[in-house]
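# Fold and geometry: a report
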Amino acid sequence: MRSALPVRLCLAAALLGAGVLSGCRPGTALHSRYNNFRAYYNTYYNATRSLDSGEEALQRQAVTLDRNTLVSVFPATTAGSTSGPFQEAIDKSAELLRNRPTSKWADDALLVIGKAYFYQRNFAGAEQKFRETLAASEAAGDRRLGDEARFWLGRTFAAADRFEEGVGVLEEGLAAEGGDRRWTARMQLALGDLYARAGRWEEATEALLVGAPAEGDADIAARAYVLLGQVEEHLGQWDEAAAAYAEALSRRPAYELGYAARVNRALVIGLSADRPAEGLQIIRDMRGDDKNYERRGELALVEARLRGAMGEPDRAYRLFRSVLYDEELNGRVVAGEAHFRLGEFYRDQRNDFVRASAHFDSAATAVRPPAPEVRPAAGALLRVTEQARVYATLASAARQIAETDSLLALGALSEEDFQARIASIEAERLRVYREEQRRLQAARTAAAFSGSSAGTYDDGAEGAGQ
């Protein structure tokens, strides 16, 4: 009996081997599983890892959000490149399609190629692959893959500035019943993004309100709520805008997005919803946070605007001046906005068109308006150059009137009073010159011995009555 056991084992092994070999022939269930296994681990797995690597690199980019423009719900595409992780994803997916075209991962590989093309800004190639994926998913009855492909096709049309086609493909996907919940939510967000950039605010609001609560990714949901807040601002719905920014913050977004949401919420509450004290408290809390140290100049400008809304023009004026003359707070963009706000101050509070013109002119050299193809946010500084030109004309007229009035007044004086008036004018000009030199020297000294904290502004500078 013992001597017969090895023979039986050998016979069983031979029979099993023969069965495996016969069952692994093309067309059999075992061959299909083997083909799928090799396709996944040899190529598709590596392709998706390369795609994920490229997407993570995009998300890690330290991009400063421009609050003058609408936030995009989804990350922007990168410049075209035939190397790097996106190209690796294309190459590995193409290898799978060549070597194992019948595997169950073939349709997914088409989608990976389409995404990589999209990130490379090869929109024609991306469109083709997404359409191929749609056709394959319909043939296989795979609604999930089809909805994902439709979402990406809509994004492709949006990135290529093909608005109507983007809206059409997304609305078609949303109209079909039984869609994948994850991708229908993202189609709603992509549709809301498209509507917002076309200035169709009501339609954008409707789509974002449906898509944002259903979005499972906290970062995407936060971006959607910030965009919703900006859209509500365009509609003049101030309480709704503030609520949208609060929803964005509840998702605990990354720093840039969270900073924009807090500042926007403070401005909406303080200036538009007429609750300046509440908005000011938000900004003062932000001033006390060390993470915002590099933004203290912008926060000073926001506080100054809120102080003005609270009926404190002198404090607002001093804060504006601090931003201009304290090099710790200064910066090209921040200084440009400070000049613009001071122009508004002199125009609205002092009816002084000459000084308003000077500040508007300085702002026009520093503030860059959004590009024509970019949809600006509701509070964006627009037409700064035009404003400078208009007030330069008004300032010139004001000077001429003042000079005429001054000459008439001087002509009516006696010789003794005339000489006294001339001496007074010269003394005032000397005083202004010396004061300006003193201020410049103080700024240089502060720059040499800088050590101010993130929440400290020069609130004791020249008064508004000067």
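Residues numbered from 1 in each chain as written. Predicted model: local features only at pLDDT ≥ 70, side-chain atom pairs only at ≥ 80, totals over all residues. Heavy atoms only, no water.

### Observations regarding the overall build of the chain
Per the secondary structure count, the chain includes 19 helices and 0 strands. Looking at the chain as a whole, 40% of its 466 residues are labelled buried. When contacts within the chain are restricted to residue pairs at least 6 apart in sequence, those whose partners lie at least 24 apart make up 63%. Carbon and sulfur atoms form 51% of the exposed surface of the chain, whose accessible area is close to 24,700 Å². (Helix = DSSP H or I, 4+ residues; strand = E, 2+ residues; numbered from the N terminus. Buried < 20%, exposed > 50% of the residue type's maximum accessible area, 1.4 Å probe, protein only. Contact = heavy atoms within 4.5 Å. Areas by Shrake-Rupley, 256 points an atom, 1.4 Å probe, with all protein chains shown as cover.)

### Re the packing of helix H5 (residues 123–140) against helix H6 (residues 143–159)
The geometry of H5 relative to H6 is characterised by a closest axis approach of 9 Å and an angle of 160° between their N-to-C directions. Classified by the angle between their axes, H5 and H6 sit roughly antiparallel to one another. The two elements H5 and H6 meet at a crossing, and its hand is left-handed. Every residue of H6 that contacts H5 at Phe123, Ala126, Glu127, Phe130, Arg131, Thr133, Leu134, Ser137 and Glu138 is listed here: Leu145, Gly146, Ala149, Arg150, Trp152, Leu153, Thr156, Phe157 and Ala159. The class makeup of the residues in the contact of H5 with H6 is 10 nonpolar, 4 polar and 4 charged. (Axes fitted to C-alpha atoms, helices over the stretch in contact; angles between N-to-C directions. Parallel < 35°, antiparallel > 145°, perpendicular 65-115°, else oblique. Left-handed = near helix turned anticlockwise from the far one by under 90°. Nonpolar A, V, L, I, M, F, W, Y, C, P; charged D, E, K, R; others polar.)

### Description of the nonpolar core
Formed by 76 residues in total, the largest nonpolar core has its most connected members in Val73 and Leu189. Discounting chain neighbours no more than four positions away, the residues touching Val73 are Leu189, Asp193, Arg197, Leu208, Ile220, Arg223, Ala224 and Leu227. Leu319, Val334, Ala335 and Ala338 belong to the second-largest nonpolar core, a separate cluster that totals 22 residues. (Core = buried A, V, L, I, M, F, W, Y, C linked by side-chain atoms within 4.5 Å.)

### Focus on the environment of Ala176
Relative to the assigned elements, Ala176 resides in the loop between helix H7 (163–175) and helix H8 (181–197). Ala176 sits 29 residues away from Asp147 along the chain, and the two C-alpha atoms are 9.9 Å apart.

### Quick word on the pattern of salt bridges
On inspection of all chains with the given rule, the structure shows 28 salt bridges. The partner of Glu312 in a salt bridge is Arg315, with the nearest N and O atoms 3.9 Å apart. Of the residues examined, Arg315 reaches a relative accessible area of 30% and is grouped as partly exposed. Ionic contacts of the salt-bridge type, sharing partners, join the residues Arg284, Arg287, Glu303, Arg307, Glu312 and Arg315 into one network. (Salt bridge = Lys/Arg side-chain N within 4 Å of Asp/Glu carboxyl O.)

### Quick look at unusual backbone geometry
Here Asp161, not a glycine, exhibits a phi torsion of approximately 60°, which is positive. A positive phi angle, close to 60°, is found at Asp274, a residue other than glycine. What makes Asp274 exposed here is its relative accessible area of 61%.

### Brief notes about the side chain of Glu215
Among the secondary structure elements, Glu215 is positioned in the loop between helix H9 (201–214) and helix H10 (218–234). What makes Glu215 buried here is its relative accessible area of 8%. A polar side-chain atom of Glu215 sits 2.9 Å from the main-chain amide nitrogen of Asp217. (Polar contact = N/O pair within 3.5 Å; in protein donor to acceptor, adjacent residues only side chain to side chain.)

### As for the packing of H10 against helix H11 (residues 238–250)
At a minimum axis separation of 8 Å, H10 and H11 run at an interaxial angle of 170°. As the angle between them shows, H10 and H11 are arranged roughly antiparallel. Read as a crossing pair, H10 and H11 show a hand that is left-handed. Seen from H10, the contacting residues are Ala222, Tyr225, Val226, Leu228, Gly229, Gln230, Glu232 and Glu233; seen from H11, they are Trp238, Glu240, Ala241, Ala244, Tyr245, Glu247 and Ala248. Residue classes in the contact of H10 with H11 are distributed as 9 nonpolar, 2 polar and 4 charged.

### A short note on the packing of aromatic side chains
Counting across every chain of the model gives 15 aromatic pairs. Relative to Phe123, the ring of Phe118 has its centre 6.0 Å away and its plane inclined at 55°; by these criteria the two rings are tilted. One exposure class covers both Phe118 and Phe123, and it is buried. With 5.8 Å between their ring centres and 75° between their planes, Tyr119 and Trp152 make a pair best called edge-to-face. Of the two residues, Tyr119 sits in helix H4 (residues 106–119) while Trp152 sits in helix H6, which places them 33 residues apart along the sequence. Each member of the pair Tyr119 and Trp152 is classed as buried. Members of the aromatic cluster, each reached through a chain of ring pairs, are Phe74, Phe86, Phe118, Tyr119, Phe123, Phe130, Phe151, Trp152 and Trp183. Sitting over the face of the ring of Tyr259, Arg295 holds its NZ or CZ atom 4.5 Å from the ring centroid. Sitting over the ring of Tyr293, Arg296 keeps its end group 3.8 Å from the ring centre. (Phe/Tyr/Trp six-rings, centres within 6.5 Å; stacked < 30°, edge-to-face > 60°. Lys NZ or Arg CZ within 6 Å of the ring centre and 35° of its normal.)

### Quick look at the confidence of the model for the chain
Per-residue pLDDT for the chain averages 80, and the proportion of residues at 70 or more is 74%. With pLDDT under 50 throughout, residues 451–458 is counted as low confidence; its partners more than four residues away or in other chains account for 18 contacts. Below a pLDDT of 50 lies the segment residues 460–466, which in the model reaches 15 contacts outside its immediate sequence neighbourhood of four places, other chains included. (pLDDT = per-residue confidence, 0-100.)

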